[in-house]
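Residue-level structure breakdown
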Amino acid sequence: MAIRYEFIKQDKQTGARLGIVHTPHGSFETPTFMPVGTLATVKTMSPEELTELNANIILSNTYHLWLRPGHEIIREAGGLHKFMNWDGAILTDSGGFQVFSLSDLRDIQEEGVHFRNHISGEKLFLSPEKAMEIQNALGSDIMMAFDECPPYPATYDYMKASVERTSRWAERCLTAHARPDVQGLFGIVQGGEFEDLRKQSAQDLVSMDFPGYAVGGLSVGEPKDVMNRVLEFTTPWLPQDKPRYLMGVGSPDSLIDGAIRGIDMFDCVLPTRIARNGTCMTSNGRLVVRNAQYARDFGPIDENCDCKVCKNYSRAYIRHLIKCNETFGFRLTTYHNLHFLIELMRKVREAIKEDRLGDFRDEFFESYGFNKPNAKNF
Ligand SMILES: [Zn+2]
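Owing to the predicted nature of the structure, the values given are computational and were not obtained by experimental measurement. (Residues numbered from 1 in each chain as written. Predicted model: local features only at pLDDT ≥ 70, side-chain atom pairs only at ≥ 80, totals over all residues. Heavy atoms only, no water.)

Things to note about the layout of surface pockets
Each pocket or cavity is described by its volume, and for the largest pocket that value is around 1,100 Å³. Considering the residues around the largest pocket, the lining is formed by 48 residues, among which Phe97, Ser219, Gly248, Cys268 and Val269 are closest to the centre. Residue assignment for the lining of the largest pocket shows that the elements contributing at least two residues are helix 5 (96-102), helix 9 (224-234) and helix 11 (270-275). When residues of the lining of the largest pocket are assigned to their parent elements, the largest contribution, five residues, is made by helix 5. Of the residues contributing to the lining of the largest pocket, the split by class is 20 nonpolar, 20 polar and eight charged. Space inside the second largest pocket adds up to approximately 240 Å³. For the second largest pocket, the lining is made up of 14 residues, of which Ser283, Asn304, Phe340, Glu343 and Lys347 are closest to its centre. Of all the elements in the fold, those that place two or more residues in the lining of the second largest pocket are helix 14 (327-353) and helix 15 (357-368). Examining the composition of the lining of the second largest pocket, we find that five residues originate from one element, helix 14, more than from any other. (1 Å grid on protein atoms, 1.4 Å probe; cavity = no way out; pocket = protein on both sides within 12 Å on 5 of 7 lines; lining within 4 Å. Points joined across faces, edges and corners; volume = space filled by probe spheres on them. Helix = DSSP H or I, 4+ residues; strand = E, 2+ residues; numbered from the N terminus. Nonpolar A, V, L, I, M, F, W, Y, C, P; charged D, E, K, R; others polar.)

Some words on a negative patch on the surface
A contiguous patch of negative charge, built from Asp359, Asp362, Glu363 and Glu366, is present on the exposed surface. Tracing the backbone through its elements, the reader meets glutamate 366 in helix 15. (Patch = residues over 30% accessible without salt bridge, like charges linked within 9 Å, V, L, I, M, F, W, Y side chains within 5 Å. Areas by Shrake-Rupley, 256 points an atom, 1.4 Å probe, with all protein chains shown as cover. Salt bridge = Lys/Arg side-chain N within 4 Å of Asp/Glu carboxyl O. Lys, Arg positive; Asp, Glu negative; His and termini not counted. Charge placed at Lys NZ, Arg CZ, Asp CG, Glu CD.)

What to know about the sheet that holds strand 1 (residues 4-10)
With antiparallel pairing, three strands are arranged side by side in an open sheet as 1-2-3. The open sheet terminates on both sides in strands that have one partner only, identified here as strand 1 and strand 3 (26-30). Between one strand axis and the next, the sheet turns by 15° as a mean value, whatever way the strands run. Across five bridges, strand 2 (residues 17-23) lies against strand 3 in antiparallel orientation. Within strand 3, the position partnered with threonine 23 by the bridge is glycine 26. Sitting on the sheet, helix 14 touches strand 1, strand 2 and strand 3, and the angle it makes with strand 2 is about 125°. (Pairing = 2+ DSSP bridges. Axes fitted to C-alpha atoms, helices over the stretch in contact; angles between N-to-C directions. Contact = heavy atoms within 4.5 Å.)

A few points about the packing of helix 9 against helix 10 (residues 252-260)
Where helix 9 meets helix 10, the closest approach of the two axes is 10 Å, and the angle between their N-to-C directions is 20°. One finds that helix 9 runs roughly parallel with respect to helix 10. Here the hand of the crossing between helix 9 and helix 10 comes out right-handed. Mapping the contact onto sequence places Lys224, Met227, Asn228 and Leu231 in helix 9 and Asp253, Ser254, Asp257 and Gly258 in helix 10. Looking at side-chain class alone, the contact of helix 9 with helix 10 contains two nonpolar, three polar and three charged residues. (Parallel < 35°, antiparallel > 145°, perpendicular 65-115°, else oblique. Left-handed = near helix turned anticlockwise from the far one by under 90°.)

Nothing here speaks to function; it is geometry throughout.
Structure (structure tokens):
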């Protein structure tokens, strides 16, 4: 088995899990946040910097690497780890999300999805078998089953048909997966906000015995309380001895609330994407460093942060770089934001060890500003 989950303990206040996921490219403690490297790079960060940041697993995108440079080139390079010079663990998604979100022209059939390449407009076809072929060529440690990502909101009948198709596709993924000894394949639980469909989806997938499970179809525009409720009735159907991954979630409040509901792994482009817009996550909430008020502010982005950016560079300097579209500015904000989330998850694990995650949540939400009326998402 390529992927193994070691359960350590549960937080007595909230029930959050502390564990270790073992992969062919090292082990990492959970709950954890995975930076996103869409095109085989976490934008503006070198693999050496990711190591410095204590990121030990990153995510990369099957769809994007299939189009550019093509999975055959990455196979020839010796796999994605070698191609990008990253020796830590890699998780690849299945391409399903991009097919459903980037292509305006798609046709979902039982055999797979016909759609248009979002760059060239060329017609393409992605199926469970093709998603496995590409991910096998990439050589990621954790692969994702090809699922349908239904729109939000979707009707009950649509969602039911979609969940059933996703289960049939999951079976086909297991059959097509060529390297289960060195690459772990996770199933993806769908079902929208419908409790019985989430249960059905989880039970279908658990009966297929994947080495890990993801909860998909969340963070697609639904309110936070809906996401929390769905997690509350979904995670109890997942086995205790396998890792659980909440896809596409990266706001600090959702990471903590997800961990409290039994999630071990998270990924999102949020910290890196907002960094390139000049927005930083800080211990006192979000800070838009490109704003005029920081033009003469020679203090750090976050006075409570011990990252190398906050030790060495001022808000005024970083604001100047970002206003001038200087790459170095994007590097500095990206580094700080990744440090913030990776450090946040370390603190979450520390709190679980000491059975005080509930208290930690209260303190963090208060200082970040999530308790204020109309608080921003991140
Ligand atoms: Zn910092």
